[in-house]
Amino acid sequence: MREKLSETRSPVPLLYRRHSSGDIMHNLASVSSSLLPAFGTVVGGDSPPLRKYVIAPYDRRYRWWQAFLVVLVIYSAWSSPFELAFKKVTTGSLLYVDLAVDFFFAADIILTFFVAYLDKSTYLLIDDHKKIATRYVTHMMFPMDVASTLPFQSIYRLFTGRLHRGEVFGFLNLLRLWRLRRVSELFSRLEKDTRFSYFMTRTIKLIFVTLFAVHSAGCFYYWIATHHKHSSDTWIGSIIDKFEDRSIWLGYTYAMYWSIVTLTTVGYGDLHAVNPGEKIFNIFYMLFNIGLTSYLIGNMTNLIVHSAVRTFVMRDSINEILRYASKNRLPEGLKEQMLAHMQLRFRTAELQHEEVLEDLPKAIRSSISQHLFRKTVEKTYLFKGISEDLSRQLVTDLKVEYFPPKVEVILQNEIPTDFYIVVSGAMEVLTHKNGMEQSLTKLGPMDMFGEIGVFFNIPQPFTVRSKKLSQVVRITHHHFKQLVQPLDEDGKTIMSNFTQYLRDLKKEVQEEMPFLTDLLLDLNIEQTTPVDETQNHEAPNYGREEGEGTPTSVLQNAVPLRVIIHGHHPNEETTDNKRTGKVVHLPDSIEDLLNLAEKKFGKRGTTILMADASQVEDLNALRENDHLFIS
């Protein structure tokens, strides 16, 4: 029964075990080193726990134990080549240190028999003691762990009662270098862990690789000198007589000096190969150095260039702009705006990170937008009093933009496609008369602009320019229309806010929009526009795409359709080219339309005709900007 549970156990128990022991993963960086459940695994609190006396491989306490062993591995990596070259320390000062280190690795071998493992074929966590032991013993790791841990020198002394100073034990000690795999695994894990700097982790790894190569080469080179027939006919013996009887650290210093000089290809020539054996070793060492140097330089270059690549791109982009402006003889002011925008784009790239956010689930992106901009949106005049649901949906798909000082965000008479909310900074509303620029008002945080053109589907009445570095959020008219149309109450609230805003505009601003007088009359927002009565075609579509229909208010549920009414029969000839039609919002019934026409033209009509003289019997058949003739 226990085996059956083990075979069906998912990796989830590990995660719950960590949680139950108080190891809550506050930092998401731990995901990079945690055991993830397979697709289709049901995550639930009823998952079976690990068996008794079984250790989770990613338990924090076990991880700390592994980190402690890595420190001992560093010592082993230094001592193994060192003891091969200098046999005196093998039976002297380092003997007891080696025994203590071997003891900890022996304890780790025993501990491994109690560590659960992940089955690579089923991706299930196996905690059966027999399977754990069988897997470890039959794997190459077990004999190598044992061979690298056994203190051969001490075992020989225990059985024979004397020390053996032969070379065999020096080479057996090199088996401890098998432990270096732990260091490689540690760095591999740290490079994926976002709690640590990738640059620093990679740099430290490269330093360790270099030091180990220098240390090992120096020790082997010294070992070659000690085993030559004539000590004077060696690289160090030709300089120091009877070097074997001198201080260990003196020989080690010379060996490290030679190794570093050779690795860096300096080659002073004071220490050089004398006999054929040393020359052969130098050949292979220098060939190895070519690969090692390429590896080091390639990695360091990649790390440094990666940190500066954005600067390179920015400089290239700026140079391209300067060349373009010079080639096309653009004005100096326009060129400065282009440069300011490009520099701001790179300065704000870390704040926006659009390519990063695009990879996130929509729910996370929505939560980010809610946190950053919801209060700003709710404090704007247009959205006061709207429902929480609409507020949440509006904020979800906002587009954030930055503008440097003195840059036009909206141009007068451009097609209305978006309106904006100022998050920070300041904007200036401008108009142009007779080629002169006139400032009307200033906007600050939580103010809006561009909404008048969007609501009435008319060219933007004003130019809006940034006064200083500003952050704005942009709402497209299409998205706004889709959100508000199904919500009658919110649509009425928004129209009420918008109407009140228009009433409260400064006098000089209202004077720039003469159509507001009729729009605000009797709360029936209407626009009086001169229309040549000989024109029977619909109003221009301002470049809208096919499928969007003619220009309409973004709040069709709150505001009726606009139509153009005429006070005469469509076939009636007139020589008055200045005769105008009236653009009004379509009322609810034909009777109301006739009353409205009487009010506008001063005479009562009885029939409503289209431009082709066909009679209108149902107002629902009309479209935006249709021409109606009251006769």
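Since we're looking at a predicted model, the values are computed, not measured.

K.L.:
I keep staring at helix 16 (residues 362-379) and nothing clicks. Help me out?
P.N.:
Its 18 residues give helix 16 an end-to-end C-alpha distance of 25 Å, which sits within 8% of 26 Å, the value for a rise of 1.5 Å per residue. Within helix 16, the axis deviates most sharply at F373, by approximately 55°. What helix 16 keeps buried is the set S366, S369, Q370, F373, R374, T376 and V377.

K.L.:
Whenever I open this one, the packing of helix 16 against helix 17 (residues 388-396) confuses me. Can you help?
P.N.:
Packed helices, taken two at a time, are described by the angle between their axes plus the distance between the axes. One way to put it is that helix 16 packs onto helix 17 with a least axis distance of 7 Å and a crossing angle of 110°. Considered as vectors, helix 16 and helix 17 are oriented roughly perpendicular to each other. In the crossing of helix 16 with helix 17, the sense of the turn from one axis to the other is right-handed. Residues K362, S366, S369, Q370, F373, R374, V377 and E378 of helix 16 lie in contact with helix 17, whose contacting residues are E388, S391, R392, V395 and T396. Here the contact of helix 16 with helix 17 is composed, by residue class, of 3 nonpolar, 5 polar and 5 charged.

K.L.:
How do you make sense of the sheet that holds strand 4 (residues 408-410) when you look at a structure like this?
P.N.:
As a general point, the strands of a sheet are linked pairwise by backbone hydrogen bonds and lie either parallel or antiparallel. The 4 strands are arranged 4-9-6-7 in an open sheet whose pairing can be described as antiparallel. At either end of the open sheet lies a strand with only one pairing partner, and these are strand 4 and strand 7 (436-443). Sheet twist, expressed as the mean angle between neighbouring strand axes with direction ignored, is 35°. Pairing between strand 6 (residues 427-433) and strand 9 (residues 463-466): 4 bridges, direction antiparallel. Bridging from a neighbouring strand, V429 pairs with V464 of strand 9.

K.L.:
I keep staring at the side chain of S80 and nothing clicks. Help me out?
P.N.:
Looking at the element boundaries, S80 is found in helix 3 (residues 60-85). Residue classification places S80 among the buried residues on the basis of a relative accessible area of 0%. There is a polar contact of 2.9 Å between the side chain of S80 and the backbone oxygen of S76. Excluding residues within four positions of it along the chain, S80 makes contact with N173, L174, R176 and L177.

K.L.:
Any chance you could explain a nonpolar patch on the surface here in plain terms?
P.N.:
Side chains of I74, F199, M200, I204, I207, F208, L211 and I304 sit close together on the surface and give an oily, nonpolar patch of about 710 Å² of accessible area. Ranked by the residues each element gives to the nonpolar patch, the list is headed by helix 10 (residues 198-226), at 6 residues. Under the relative-accessibility criterion, I207 is labelled partly exposed at 44%.

K.L.:
Even after reading the chapter, I still don't get helix 20 (residues 488-503), so can you show me in this structure?
P.N.:
Think of an α-helix as turning once every 3.6 residues; residues three or four places apart then point the same way. Spanning 16 residues, helix 20 covers 23 Å between terminal C-alpha atoms, matching the ideal 22 Å at 1.5 Å per step. Along helix 20, the residues classified as buried are D490, G491, I494, M495, N497, F498, T499 and L502.

K.L.:
Mind showing me how you'd approach the packing of helix 10 against helix 11 (residues 248-263) here?
P.N.:
Put simply, helix 10 and helix 11 touch, their axes get as near as 8 Å, and they point 120° apart. With respect to their mutual orientation, helix 10 and helix 11 come out oblique. Helix-helix and strand crossings are classified by hand; for helix 10 and helix 11 the assignment is right-handed. Between helix 10 and helix 11, the contacting residues are T210, A213, V214, H215, A217, G218, C219, Y221 and Y222 on the first element and G251, Y252, A255, M256, W258, S259, I260 and L263 on the second. For the contact of helix 10 with helix 11, the per-class residue count stands at 12 nonpolar, 5 polar and no charged.

K.L.:
Just checking my understanding: could you explain the nonpolar core for this structure?
P.N.:
The tendency in soluble globular proteins is for nonpolar side chains to be buried as a group. Of all hydrophobic cores here, the largest spans 45 residues; its most connected members are L382, F383, F449, F480, I494 and F498. In terms of residue count, the dominant contributor to this core is strand 5 (residues 418-424) (5 residues). Counting residues in each nonpolar core, the second largest holds 43 residues, with L84, F105, A217 and F243 among its members.

K.L.:
Looking at this structure, how should I read the pattern of salt bridges?
P.N.:
In total, this model carries 23 salt bridges according to the counting rule given. Linking D127 and R51 is a salt bridge whose minimum nitrogen-to-oxygen distance equals 3.8 Å. With D127 in the loop between strand 2 (125-126) and helix 5 (129-138) and R51 in the loop between helix 2 (12-20) and helix 3, this pair connects stretches of sequence that are 76 residues apart. There is no split in this pair, since D127 and R51 are both buried. Residue E401 pairs with R474 through a salt bridge whose shortest N-O separation is 2.7 Å. Residue E401 is located in strand 3 (residues 399-403), and its partner R474 is located in strand 10 (residues 470-476); the two are separated by 73 residues in the primary sequence. A network of salt bridges, in which partner residues are shared, links E83, D98, D102, R176 and R179.

K.L.:
I would appreciate a short explanation of the pairing of strand 9 in the present structure.
P.N.:
Two faces, one strand: in a regular strand the side chains alternate between the faces of the sheet. On strand 9, burial covers both faces: T463 and R465 on one face and V464 and S466 on the other are all buried. Pairing of strand 4 with strand 9, which is carried by 2 bridges, proceeds in the antiparallel orientation. When the sheet's bridge partners are listed, E408 is paired in strand 9 with R465.

Each value, and the rule that gives it
- Residues numbered from 1 in each chain as written.
- Predicted model: local features only at pLDDT ≥ 70, side-chain atom pairs only at ≥ 80, totals over all residues.
- Heavy atoms only, no water.
- Helix = DSSP H or I, 4+ residues; strand = E, 2+ residues; numbered from the N terminus.
- Expected span 1.5 Å × (residues − 1).
- Bend = angle between axes of the 7 residues up to and from the residue.
- Buried < 20%, exposed > 50% of the residue type's maximum accessible area, 1.4 Å probe, protein only.
- Axes fitted to C-alpha atoms, helices over the stretch in contact; angles between N-to-C directions.
- Parallel < 35°, antiparallel > 145°, perpendicular 65-115°, else oblique.
- Left-handed = near helix turned anticlockwise from the far one by under 90°.
- Contact = heavy atoms within 4.5 Å.
- Nonpolar A, V, L, I, M, F, W, Y, C, P; charged D, E, K, R; others polar.
- Pairing = 2+ DSSP bridges.
- Polar contact = N/O pair within 3.5 Å; in protein donor to acceptor, adjacent residues only side chain to side chain.
- Patch = residues over 30% accessible without salt bridge, like charges linked within 9 Å, V, L, I, M, F, W, Y side chains within 5 Å.
- Areas by Shrake-Rupley, 256 points an atom, 1.4 Å probe, with all protein chains shown as cover.
- Salt bridge = Lys/Arg side-chain N within 4 Å of Asp/Glu carboxyl O.
- Core = buried A, V, L, I, M, F, W, Y, C linked by side-chain atoms within 4.5 Å.

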